[in-house]
Amino acid sequence: MKILEVLRENGRISVAALAERVGISRANAYTRFEALRADGAIKRFTAEIDHVRTGLGITALIFVTVRQQMWKQFRAELARMPEVEYCAITTGQHDAMIQVRVPDVAAVHTMVTDRLANIPAVKATETVFILDEVIKRPYVLPSDRQQATRQARRPAQETQGDVPLGKMRFVGAAEGRAALKKDD
């Protein structure tokens, strides 16, 4: 798990540096790394792209209701849409959730009204625009949950300074009351 934690932050790290960060020998790090690849725990290496800088500044989720006998057609049509970054079959009101990245709102409109709506397998859609991606991890590990549990047991540290636009700062009740008393 420690190797996967380090690779999540830097997939291009050398085996020597990986071994040092994990606290094992270089040979052992190489053996364990290769075993993770051979077992399929590590599927591939990829680059993380800044979508805004590449001209794809709009992200939307499109929830789709599919005619149940036409799943094969739906999947085939979706595979031909290059703006689809992710699709998951879901439970609940809709059957699938599609995440798209496009240059502007008009491109989302065109995709939904001209392309998705014209697929016979698509019964209905609902579109939601993403305003801010608050958390985006390349992957989650079981050790993340254990670490979060340990951190939750520690007393919370106060946050100071300005909070960036689109982010939240939580103020404890005592801190909020103290600020109110100053205004009196």
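In short, a report on the structure. (Residues numbered from 1 in each chain as written. Predicted model: local features only at pLDDT ≥ 70, side-chain atom pairs only at ≥ 80, totals over all residues. Heavy atoms only, no water.)

## Re the overall build of the protein
Next, step 1: Secondary structure summary: the protein contains seven helices and four strands in total.
Next, step 2: Mapped in sequence order, the helices and strands of the protein form the string α-α-α-β-α-β-β-α-β-α-α.
Next, step 3: Looking at the protein residue by residue over its 184 residues, the buried ones come to 26%.
Next, step 4: Contacts in the protein between residues far apart in sequence, at least 24 positions, make up 65% of those at least 6 positions apart.
Next, step 5: Just so you have it, the protein exposes about 13,900 Å², and 52% of that area is on carbon and sulfur atoms. (Helix = DSSP H or I, 4+ residues; strand = E, 2+ residues; numbered from the N terminus. Buried < 20%, exposed > 50% of the residue type's maximum accessible area, 1.4 Å probe, protein only. Contact = heavy atoms within 4.5 Å. Areas by Shrake-Rupley, 256 points an atom, 1.4 Å probe, with all protein chains shown as cover.)

## Digging into helix H4 (residues 71-79)
Because each turn of an α-helix spans 3.6 residues, side chains separated by three or four positions in sequence point in the same direction.
Next, step 1: Within H4, the full set of buried residues consists of Trp71, Phe74 and Leu78. The buried residues of H4 all sit within an arc of 60° when viewed along its axis, so they share a single face. In this structure, H4 carries Lys72 and Ala79 as exposed residues pointing more than 90 degrees from its buried face.
Next, step 2: Here the buried face of H4 lies against strand E1 (58-66), strand E2 (84-89), strand E3 (96-102), helix H5 (105-116) and strand E4 (122-129). (Arc of directions from axis to C-beta.)

## Quick word on the nonpolar core
Next, step 1: Ile62, Val64, Phe74 and Ile98 are the most contacted members of the largest nonpolar core, which totals 20 residues.
Next, step 2: Put simply, the parts of the chain that give this core at least two residues each are E1, H4, E3 and H5.
Next, step 3: With residues near it in sequence (within four places) discarded, Ile62 still touches Ala96, Met97, Ile98, Val100, Met111, Val112, Leu116, Thr125, Glu126 and Thr127.
Next, step 4: With 14 residues, the next largest nonpolar core counts Ala29, Phe33, Leu36 and Ile42 among its residues. (Core = buried A, V, L, I, M, F, W, Y, C linked by side-chain atoms within 4.5 Å.)

## Points about the packing of aromatic side chains
Next, step 1: Summed over all chains, the structure comprises two aromatic pairs.
Next, step 2: Pairing Phe33 with Phe45 gives two aromatic rings, centres 6.0 Å apart and planes at 35°, and the pair type is tilted. Here Phe33, found in helix H3 (residues 26-39), pairs with Phe45, found in the loop between H3 and E1; they are twelve residues apart in sequence, far enough to count as distant.
Next, step 3: We classify Phe33 as buried; its relative accessible area is 11%. (Phe/Tyr/Trp six-rings, centres within 6.5 Å; stacked < 30°, edge-to-face > 60°.)

## Overview of the sheet that holds E1
Next, step 1: The sheet built from four strands is open, its strands ordered E2-E3-E1-E4 with antiparallel pairing. Edge strands, defined here as strands with exactly one partner in the open sheet, are E2 and E4. Going across the sheet, the axis of each strand differs from the next one's by a mean of 20°, ignoring polarity.
Next, step 2: Summarising the sheet, E1 and E3 pair through seven bridges and their orientation is antiparallel. (Pairing = 2+ DSSP bridges. Axes fitted to C-alpha atoms, helices over the stretch in contact; angles between N-to-C directions.)

## Observations concerning the packing of helix H1 (residues 2-9) against helix H2 (residues 15-22)
Next, step 1: At their nearest, the axes of H1 and H2 sit 10 Å apart, and the two run at 125° to each other. Our classification of the angle between H1 and H2 gives oblique. Viewed along their axes, H1 and H2 form a crossing whose handedness is right-handed. For the pair formed by H1 and H2, the contact residues are Lys2, Ile3 and Val6 on the first element and Leu18, Arg21 and Val22 on the second.
Next, step 2: Residues of the contact of H1 with H2, tallied by class, amount to four nonpolar, no polar and two charged. (Parallel < 35°, antiparallel > 145°, perpendicular 65-115°, else oblique. Left-handed = near helix turned anticlockwise from the far one by under 90°. Nonpolar A, V, L, I, M, F, W, Y, C, P; charged D, E, K, R; others polar.)

## Here's the deal with H2
Next, step 1: Residues of H2 that are buried: Leu18, Ala19 and Val22. With its buried residues spanning 100° around the axis, H2 presents them on a single face. Residues of H2 that are exposed and angled more than 90 degrees away from the buried face: Glu20 and Arg21.
Next, step 2: The inward-facing, buried residues of H2 abut H1 and H3.
Next, step 3: Phi for Gly23, located one or two positions after H2, is positive at around 85°.

Distances and angles like these do not, on their own, reveal function.
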